[in-house]
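The chain contents come next:
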Amino acid sequence: MALHIKPLSDRVIVEPAAAETQTASGIIIPDTAKEKPQRGTVVAVGNGKKDTPMTVKVGDAVLYGKYAGTDLKLDGKDYLIMREDDILAII
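Keep in mind the model is a prediction, meaning the values are calculated, not measured. (Residues numbered from 1 in each chain as written. Predicted model: local features only at pLDDT ≥ 70, side-chain atom pairs only at ≥ 80, totals over all residues. Heavy atoms only, no water.)

Focus on the environment of Asp-78
With respect to the helices, strands and loops of the structure, Asp-78 is situated in strand 5 (residues 77-83). According to the relative accessible area criterion, Asp-78 is partly exposed, its value standing at 49%. Remark: the alpha-carbon pair of Asp-78 and Pro-16, spanning 62 residues in sequence, is separated by 7.5 Å. Other than its neighbours up to four places away in sequence, Asp-78 contacts Glu-15, Pro-16, Leu-72 and Lys-73. Engagement of the side chain of Asp-78 in a polar contact is seen with the side chain of Lys-73, the distance being 3.4 Å. (Helix = DSSP H or I, 4+ residues; strand = E, 2+ residues; numbered from the N terminus. Buried < 20%, exposed > 50% of the residue type's maximum accessible area, 1.4 Å probe, protein only. Contact = heavy atoms within 4.5 Å. Polar contact = N/O pair within 3.5 Å; in protein donor to acceptor, adjacent residues only side chain to side chain.)

Digging into the sheet that holds strand 5
One open sheet accounts for six strands, arranged 4-5-1-2-3-6; its pairing is antiparallel. This sheet does not close on itself; its edge strands, each paired only once, are strand 4 (70-74) and strand 6 (87-90). For this sheet the average axis-to-axis angle between neighbouring strands, irrespective of direction, equals 45°. Bridge analysis of strand 1 (residues 11-16) against strand 5 gives four bridges, and the strand direction is antiparallel. Its bridge partner lying in strand 5, Val-14 is registered against Leu-80. (Pairing = 2+ DSSP bridges. Axes fitted to C-alpha atoms, helices over the stretch in contact; angles between N-to-C directions.)

So, the nonpolar core
Formed by Val-12, Val-14, Val-42, Val-45, Met-54, Val-56, Val-62, Tyr-64, Ala-68, Leu-80, Met-82 and Ile-87, the largest nonpolar core amounts to twelve residues. Residue assignment for this core shows that the elements contributing at least two residues are strand 1, strand 2 (39-45), strand 3 (61-64) and strand 5. Other than its neighbours up to four places away in sequence, Ile-87 contacts Val-12, Val-56, Val-62, Leu-63, Tyr-64 and Met-82. If you look at the next biggest cluster of nonpolar residues, it comprises five residues, including Leu-3, Ile-13, Val-43 and Ala-44. (Core = buried A, V, L, I, M, F, W, Y, C linked by side-chain atoms within 4.5 Å.)

Things to note about the pairing of strand 3
Side-chain alternation along strand 3 places Val-62 and Tyr-64 on a buried face and Ala-61 and Leu-63 on a face that remains uncovered. Note: strand 2 against strand 3, three bridges, orientation antiparallel. When the bridges of strand 3 are listed, Thr-41 appears paired with Ala-61. As paired elements, strand 3 and strand 6 share three bridges and run antiparallel to each other.

Written out as structure tokens, the structure reads:
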């Protein structure tokens, strides 16, 4: 998946995972009650800061904070652009 956008500095672009539509017990969740996903896949990575190389790389599955990042719509798809510090873990 090639994006025509390159994040600057220590920023990454994440494609959020789809929101859950059904609970583990089989209850279907309506659109109004769905929570914003907190996991996704890294699709683009900046060069990092001057003294700190980037830890994440393209293709990594990551967990991030609920309100982390800025929404970005590109070519009809939703993405989040955030600093590497906003990423909590690599799965």
